[in-house]
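Geometric and topological summary
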Amino acid sequence: DACGVPYTGSNVLGSALTMDKIRTKQVWLSLGLPTPQYRKVTAEDVHANAAALGLPVVVKPANEGSSVGISKARNTEELKAALKEAIKYDRRLVLEEGLDCREIETGVLGNYDPKAAAVGEILPSEEFYSYRAKYFDGGQSKICIPADIPAEVAEEIRSIAVEAYKLLDCAGYARVDFFLEKGTNKVYLNEINTIPGFTKYSMFPLLWAEAGVTYPELIERIISLGFERYEARRS
């Protein structure tokens, strides 16, 4: 932006907000979007406040990607280990209620009138889609597109994804991740990834392929959206 160079994807504000899990939740909750209950914990007060949310709990560094430093704790000993691991990566942590849920994703494309793609599901090889399950499970984790969920739930997810994307000032493209509570089908926002995986086998392009947008067409659209934002800023 400072150099006047066109680029794809979100601007500084959108990228920063989506990278920070605490700020993301604060924006969503302020406008009534559903996300799991959480508690912010810093390195200085980690022992005083860690157990306040109850167990099970998911412990996350506030700023990280690829599930680095994330653990699920079911008892006090696991909680201590999870806090010790997460604090290696950030002095600000998120303690989130441990839901019994499915991991659901969709893609969003657009600047001023964004649209959502098909809805897919991650079938992780572990209890949740951890760093190891993503990269070191020998391909045991699977992707299901479209997700095996009721049509009205899929539409709710797509609608919330677009609203969440706009609230965080995202642009161009992003993948929006959800939790779907087992037994109730209650939808919860997890996070937005403004630079999702983009191989031909990654979730984001596969979701758009299911929606009828081929891989080359998707790349062209993203580039066009980058120029659209560039021209809007110039004028």
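Residues numbered from 1 in each chain as written. Predicted model: local features only at pLDDT ≥ 70, side-chain atom pairs only at ≥ 80, totals over all residues. Heavy atoms only, no water.

Looking now at the sheet that holds strand E8 (residues 172-181). Adjacent strands of a sheet pair through backbone hydrogen bonds, lying either parallel or antiparallel. Here 5 strands make up an open sheet; going across it, the order is E7-E6-E5-E8-E9 and the pairing antiparallel. If you trace the sheet from one side to the other, it starts and ends with strand E7 (142-144) and strand E9 (187-193), each paired once. Direction aside, the axes of adjacent strands within the sheet are offset by 30° on average. Of the strand pairs in this sheet, strand E5 (residues 101-110) and strand E6 (residues 115-123) are connected by 6 bridges, and their pairing is antiparallel. Bridging across to E6, Thr-106 finds its partner in Val-119. (Pairing = 2+ DSSP bridges. Helix = DSSP H or I, 4+ residues; strand = E, 2+ residues; numbered from the N terminus. Axes fitted to C-alpha atoms, helices over the stretch in contact; angles between N-to-C directions.)

With that settled, consider the sheet that holds strand E4 (residues 92-97). Strand order in the open sheet made by the 4 strands is E1-E4-E2-E3, with antiparallel pairing throughout. Sheet topology places strand E1 (38-42) and strand E3 (71-73) at the edges, where each strand pairs with a single neighbour. Neighbour-to-neighbour, the strand axes of this sheet turn through a mean angle of 25°, independent of strand direction. As judged from the 3 bridges shared by strand E2 (residues 57-61) and E3, these two strands associate in the antiparallel manner. If you follow Val-58 over to E3, its bridge partner there is Lys-72. Packed on one face of the sheet, helix H2 (residues 21-30) meets E1, E2 and E4 and runs near 50° to E4. Sheet strands touched by helix H4 (residues 76-86): E2, E3 and E4. Its angle to E2, the strand with the most contacts, is close to 15°. (Contact = heavy atoms within 4.5 Å.)

Another aspect to go through is the pattern of salt bridges. A side chain with one charge may pair with a side chain of the opposite charge, provided their charged atoms come close. Taken as a whole, this structure holds 15 salt bridges when the rule is applied. The shortest N-O distance in the salt bridge between Arg-233 and Asp-1 comes to 3.4 Å. Here the residue Arg-233 occupies a position in helix H8 (residues 215-234), and Asp-1 occupies one in the segment before helix H1 (12-19), the gap between them amounting to 232 residues. Residue Glu-155 pairs with Arg-158 through a salt bridge whose shortest N-O separation is 2.9 Å. You can see Glu-155 and its partner Arg-158 sitting in helix H6 (residues 151-167), 3 residues apart, about one turn around the helix. Arg-158 sits in the partly exposed class, given a relative accessible area of 26%. (Salt bridge = Lys/Arg side-chain N within 4 Å of Asp/Glu carboxyl O. Buried < 20%, exposed > 50% of the residue type's maximum accessible area, 1.4 Å probe, protein only.)

Taken together, Ile-219, Ile-223 and Phe-227 make up a surface patch of nonpolar side chains, about 250 Å² in accessible area. Note that Phe-227 resides in helix H8. (Patch = residues over 30% accessible without salt bridge, like charges linked within 9 Å, V, L, I, M, F, W, Y side chains within 5 Å. Areas by Shrake-Rupley, 256 points an atom, 1.4 Å probe, with all protein chains shown as cover.)

Along the polypeptide, Val-162 turns up in helix H6. By relative accessible area, Val-162 is classed as buried at 16%. For the pair formed by Val-162 and Gly-107, sequence separation is 55 residues and the distance between their alpha carbons is 9.1 Å.

Scanning all chains against the criterion turns up 4 aromatic pairs. Ring geometry for Phe-198 versus Tyr-215: centroids 5.6 Å apart, planes at 50°, classification tilted. Taken together, the residues span a long stretch of sequence, with Phe-198 in the loop between E9 and helix H7 (203-210) and Tyr-215 in helix H8 at a distance of 17 residues. On the basis of relative accessibility, which here comes to 22%, the residue Phe-198 falls in the partly exposed class. Here a set of aromatic residues connected by ring pairs shows up, and it is made of Tyr-173, Phe-198, Phe-204 and Tyr-215. (Phe/Tyr/Trp six-rings, centres within 6.5 Å; stacked < 30°, edge-to-face > 60°.)

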